[in-house]
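Here is how the chains run, residue by residue.
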Amino acid sequence: MKADNSHSTPKSEDGKGFNPSNHPTPMEKLLKSLTGATVNHLRVTLTVAAATAVLIAAVVIVARLTINDSHAEMEKASKVTLSPTQITSIEDIGEWEFLSIADEELVDTVSHGFFGDDRLVRIYYGTLRLGVNMHEVHSGWLTMDKDTVVATLPPIKLLDNDFIDEARTKSFYEEGDWNQADREAMYQKAYNQMYSRCMTPDNIKSAEENAKLQLSNILHSMGFEHVRVDVGIK
């Protein structure tokens, strides 16, 4: 009689072979349940943390935009305010020169006499100053139009009518006898020539452009961004 050395393989109730992996131990079951709960809890925690971070970022962005908008509005409001002190400070300039023209005129005169002609030639020097007198601006010459400062200056004029420097007048040629009336007539002739030569439309336009530029720069330095300057309107 032979001994049976074969070992029978345990079978499950359904007749299939027994696989230990299909039947975890109670300890493995416990570890698996704990691990799954931990993972689920971690996932929930991360999701909540991410949502919280997004919410905080959104609140910060909105707050910054609100602060920036408020700051911009406050800055804009401060810039468009025109105070009486600012207006007075500009008016106190008084005579404001925008163009200076140096000129010289050669004037001669001849007196015919029985024994010959007398002749006098003189050179006159002068400086014509073109500009406006800020004490002559009309009421409301500087106003606000929405966000724009509007300045209205009077027409360009000759600031000083005594523009000939008589101390520099020279007699270039003089022959014969000349009285004060003769010299006064020559002075008036030189005066008229200088005025006609310098008070031209081109020179007046140049003075107007300088006026716009200089006044605009002053208003910009006071903090006004938008500026319009009109010249020549009474």
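Here, the structure is the one placed above.
Because the structure is a prediction, the values reported are computed rather than measured.

Participant: Run through helix 3 (residues 180-198), naming residues and quoting values.
Facilitator: Here helix 3 is 19 residues long and its end C-alpha atoms lie 27 Å apart, about the 27 Å a rise of 1.5 Å per residue gives. For helix 3, the full list of buried residues reads M186, Y187, A190, Y191, M194 and C198. On an axial view of helix 3, the arc spanned by its buried residues comes to 145°, and they lie on one face. Pointing more than 90 degrees away from the buried face of helix 3 are the exposed residues A181 and S196.

Participant: Please set out unusual backbone geometry residue by residue, giving values where relevant.
Facilitator: Glycine aside, negative phi is the norm for most residues, and most peptide bonds take the trans geometry. One non-glycine residue, K146, lies in the positive phi region at around 60°. Positionally, K146 belongs in the loop between strand 3 (142-145) and strand 4 (148-153). Judged by relative accessible area, which is 77%, K146 ranks as exposed.

Participant: Outline the nonpolar core, supporting the account with residue identities and numerical values.
Facilitator: The biggest cluster of nonpolar side chains holds 39 residues, and the ones touching the most others in it are L130, W141, L142 and L215. Per element, the largest residue contribution to this core is six residues, and it comes from helix 3.

Rules behind the numbers
- Residues numbered from 1 in each chain as written.
- Predicted model: local features only at pLDDT ≥ 70, side-chain atom pairs only at ≥ 80, totals over all residues.
- Heavy atoms only, no water.
- Helix = DSSP H or I, 4+ residues; strand = E, 2+ residues; numbered from the N terminus.
- Expected span 1.5 Å × (residues − 1).
- Buried < 20%, exposed > 50% of the residue type's maximum accessible area, 1.4 Å probe, protein only.
- Arc of directions from axis to C-beta.
- Core = buried A, V, L, I, M, F, W, Y, C linked by side-chain atoms within 4.5 Å.

Read these as geometric descriptors, not functional statements.
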